[in-house]
Amino acid sequence: MFSDLLRDHCGLWFSPDLRYLLEKRVASRVRQLGVGSFAAYHYLLRHAATGDEELAQLVDEVTTNETYFLRERNQLSALLHEILPELAARRRTPGPLQIWCAGCSTGEEPYSIVLLALEAGLHPGRDFRLYASDIDRTVLRRARAGVYRAASFREMERRLQAQYFVEKDGAWRISDEVKRHVCFAHMNLLKPSRAGLLGPLDVILCRNVIIYFDLESKRRVIGTFAEKLRPGGYLLLGHSESLIQLSSAFQLRHLRSDLVYRKPGLDEPRDAWHALAREAASSFGPEEDAA
Amino acid sequence: MDLRERDVIREDLRSPDEEVRRLAVERLAALDSEALELLVARLGDPSWRVRKAAVARLVASPRSELVAEVLVAALSDGDDPGRRNAAVEALVGCGATVVPRLLEASKSGDVDVRKLAVDALAGIRDVRAVARLLEMLGDPDPNVRGAAADALGTTGHVASVPALAALATRDAEQPLVRLSALRALVQLDAVLDAAALDSACGDPLLRPAAFALLGRSEDAAAAEVLLKGLGGASRSAREAAIEALLRSLARAEPSGAERLVERVRELVAAGSRVEQDALERLAEGELSLQLVLIQFLGLLGRRELVVPILLAGRDEALAEVATGALEAMGGAAEETLDEAWPGLPVAARALACRVLAASRGPRAHRRLLQALDDPDPECRVAAVRALAGVGSAEALPALVRRLAAAGGDPEWDADGELEAIGSTLLAIASGARGASATAALSDLLVARLPSAGEEERVQIARVLARLEAPEARVSMDLLLADPSPAVRRTAVEALAREPAPAGAPESLRIALADESALVRIAAAGVLARSDAPTVLDDLACLARDEDARVRAAAVRAVAARAAEAAGGAVRERCFALLGAALEDEGAVALAAVEGLAGLGGGESARRTLVALERGDAEILRAALRCIGLHGDAECLERILPLVSHREWSVRAEATQVLAERGVARAIPPILRRLETEQDDFVRSVILRALARLEG
């Protein structure tokens, strides 16, 4: 019954073989609150005045927030060196491109994008604006604080770590130069009204998030992304994720560094974009090989 | 009402239980011609509660002519002074309508009736009584003459002055009558010369009142009499002379005032005991006297008096006058306070900071900076606030250092100090001290950010938001994404600067999706003032927030946008959003009702009718107020059933609204409710409503 509740609320799906994990985390909340039983806790979630608040707390408990800097770096490289240049060249209205990291966890992904952009000679804020959201308030708090332990740096070169982080008491605090370019927000991907605050988007990254959703929730979330993206905009999923059986609103595109999904443009000939992207990439910022 | 019920009321009026009699009095409104007689009889009830209830019912009666007649008749009841006094009270409560009858009564052959009629006229203060009261200054009875003088004082008519002056200066008149006349003249702010008051000044009983009049005189001789009075034997006369001299000084030309002050100082220097007396009485006198004495001692300008005046100012009621007196002493106060500082009691040091702020001297500035490190928090906060007025760019490093210290002090609640520092930094930076102060402050605060605690960052956000410096702008982006909701909220609120934001900046829109409800509420407040085209879309999104407080804030913002909208589609959409919010939970619905009330117009009232179905008393009262203000006859009709609502405050509000809008159709349901109403307050509302609707 907790599984159903979470699925209806935010799309999180616990398959039968993962139910023991859910049970363990619910039991922890039952103990902390001293409500006595699973049934009493379920009643509290559904009917008490504090039910919504507790449901948010439970979501904080059960969500998986494992991540690190420069995770799936090929894709980030594709974003910076192929996708953004193409979008910038195609852009008809002035202003920065709009990027949304949906399910940003503790902030490593959006900060990685800013950090790599600075390395590539781009100007975050002027060239693109970056929004990052998560449903888990605890991870958002950590993302805003921007303080990380060694495990977050497993894929990052020492040079970058030394340049963009300050070490204190065994932890590294991200520099303000990076931090100030990320706007964090609290969003439930199954409740798209808040996403409306972001306006039309050019790129959405939702990596390793929907793997935890049931099929119906995945479809709803991808539908929201399709609505939010401008024609020609890009959707970047995790390497283990795909849109098979989920949506036909996107085309799979092969870039030099990675495979990504793209929402077709309104009036451009199919596949013409790729030539355009290559052309734009050569005139937009320095290029580096994907590591 | 049937005969049996009438008998029950009459029976209850004779009950030995005062509460039974009082409740019977309350029910007397239901009786007709017999009621007045019975109510007047109860004015003589041994219980003051019953008398008070009878007075209230008589005052509320719509039959004013009849009431006046019976009350005036009650004045002649020589056997029962309690009843006569209650009758006077009721007559005063009836007000202007009974004046003609009181004027008739003032011609009665019964001296008591004449006196009581004058007392009632004094309470009513109707100018139609002045001519008759002037005549009564010649009444054969001294009590009546004195009462007439008192009444003329309260009625406040300048035409009375010559007659009162004649009475006050007539040596043959009884002293108490003259005293009443003198006091009436004081109340009327009359101006008499010293010669006219010569004999009164010679009479110890009349002297204080005569001095009070001399303080209003422009006669040069008056000041001489008052100066002489400072050395008099009677303390009350000396204190009256002090007060009168202060009044003279306040009115005098600067040069004249200066001369008079010199004369006072000479007198004190010559050994008058008035200074010592004033110091002693400063500790023991009543508040009004203390206020006078502080001003007088300040006038003397002696350094020895600085600390006593400061100490007297520890009393909150005297603080403003004490600081004013010390500020007027200028450099003498600054130097004395600086020297005496180490020995000043804790509470006095905070007050001293206020005085030093006004002196603006170099010693004061230095001392205030030192006071930032005072062990007493109250003193530190006072020093910080004082620096807001006099602080220069040189004070900025010390203030920022103090901000860091207060923010990092876990021992006490430093909120007040931090907020004061933030305000002072803002005051200094926004003052006419040049761009260099702004840049210096911006640098100091930005340098603090990495190590600042939450409370300190809140204040830094407040200040940086107002600084027109590039570093400040960059840091504001960081503060808008700060880990602390309190800091983010402050940063968002700081966006609500004048003039209103031209568009909804992205950082503000993203704050609407903040994980903290407090930040979203702040963002809604700022958005209310934005003219961006997406504002209503954003507010509509926020109106579906999971947190009721946020939805309420969104609703208030929608109402604010609607008030700004010229009309048409925007206003219509706002009305639709507010209407939808009426179905939401309490706080949201209440915000919607209040928003509609603020918008006004028949549309608001009609939409608010939905809220009359709610069970929450607060919402119902707000809805009633809205409908009362803007509803048409059809809307008002819907209120009628609420005069019998189970909640007393709703009954009272509904009754009041119907009375204010003059809904005559409400009389029958209100009367029906009166028969069973048990709540005293609601009963009083009903009685006033009936008087208004039937009158």
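Quick caveat: nothing in here was measured; it's all calculated off a predicted structure. (Residues numbered from 1 in each chain as written. Chains lettered and ligands numbered in written order. Predicted model: local features only at pLDDT ≥ 70, side-chain atom pairs only at ≥ 80, totals over all residues. Heavy atoms only, no water.)

S.K.: Explanation requested: the interface of chain A and chain B in the structure shown.
M.R.: By a widespread convention, an interface's size corresponds to the accessible area lost as its parts come together. In this assembly, 22 residues from chain A lie in contact with 21 residues from chain B. Broken down residue by residue, the surface that chain A buries against chain B is led by R144(A), R180(A) and L197(A), which jointly contribute 38%. For the pair chain A and chain B, the number of links is five salt bridges. Of the charged contacts, one joins E546(B) and R194(A) as a salt bridge, the two residues approaching to 3.4 Å between their closest N and O atoms. On inspection of chain A and its partner chain B, the count reaches six residue pairs in polar contact (both at pLDDT 80 or more). Elements represented by at least two residues in the side of chain A that touches chain B include exactly strand 2 (128-134), helix 7 (137-145), helix 9 (176-179) and strand 6 (182-186) of chain A. Broken down by class, the residue content of the side of chain A that touches chain B amounts to ten nonpolar, three polar and nine charged. (Contact = heavy atoms within 4.5 Å. Buried area = accessible area lost by both parts, 1.4 Å probe. Salt bridge = Lys/Arg side-chain N within 4 Å of Asp/Glu carboxyl O. Polar contact = N/O pair within 3.5 Å; in protein donor to acceptor, adjacent residues only side chain to side chain. Helix = DSSP H or I, 4+ residues; strand = E, 2+ residues; numbered from the N terminus. Nonpolar A, V, L, I, M, F, W, Y, C, P; charged D, E, K, R; others polar.)

S.K.: I would appreciate a short explanation of the packing of aromatic side chains in the present structure.
M.R.: For any pair of aromatic rings, the description consists of the separation of the ring centres together with the inter-plane angle of the planes. Residue and element names in this part refer to chain A. Counted under the stated rule, the structure contains eleven aromatic pairs over all chains. With 6.1 Å between their ring centres and 65° between their planes, F2 and F38 make a pair best called edge-to-face. Pair noted here: F2 is in helix 1 (residues 2-10) and F38 is in helix 3 (residues 38-47), with a separation of 36 residues, a long-range link. Take F2: its relative accessible area is 9%, and that puts it in the buried class. Arranged with centres 5.7 Å apart and planes meeting at 80°, the rings of Y111 and F184 form a pair that is edge-to-face. (Phe/Tyr/Trp six-rings, centres within 6.5 Å; stacked < 30°, edge-to-face > 60°. Buried < 20%, exposed > 50% of the residue type's maximum accessible area, 1.4 Å probe, protein only.)

S.K.: Can you walk me through the pattern of salt bridges in this structure?
M.R.: Pairs may arise between side chains of opposite charge once their charged atoms sit close together. All names here are of chain B. The tally for this structure, following the rule as stated, stands at 69 salt bridges over all chains. A salt bridge links R101 to E65, with the nearest nitrogen and oxygen atoms 3.5 Å apart. One end of the pair, R101, is in helix 7 (residues 99-105); the other, E65, is in helix 5 (residues 64-74), and 36 residues separate them in sequence. The closest approach of N and O atoms between R367 and D338, which form a salt bridge, is 2.8 Å.

S.K.: Just to check I follow, could you spell out the side chain of T336(B) for this structure?
M.R.: Residues and elements named next belong to chain B. Here T336 lies in helix 22 (residues 331-340). Owing to a relative accessible area of 10%, T336 belongs among the buried residues under this scheme. Here the side chain of T336 touches R303 through a polar contact of 3.2 Å, side chain to side chain.

S.K.: Honestly, the layout of surface pockets in this entry has me stumped. Any pointers?
M.R.: Summary: where empty space remains is shown by rolling a probe the size of a single water molecule over the atoms. Considering only enclosed or pocket space, the largest pocket measures out at about 790 Å³ in volume. Taken together, 31 residues line the largest pocket, and the ones lying closest to its centre are D52(A), R520(B), D545(B), E546(B) and D547(B). Of all the secondary-structure elements, those providing two or more residues to the lining of the largest pocket are helix 4 (51-62) of chain A together with helix 33 (517-527), helix 34 (535-542) and helix 35 (548-564) of chain B. When residues in the lining of the largest pocket are grouped by element, the largest group, five residues, is from helix 4 of chain A. Residue composition of the lining of the largest pocket, grouped by class: eleven nonpolar, six polar and 14 charged. (1 Å grid on protein atoms, 1.4 Å probe; cavity = no way out; pocket = protein on both sides within 12 Å on 5 of 7 lines; lining within 4 Å. Points joined across faces, edges and corners; volume = space filled by probe spheres on them.)

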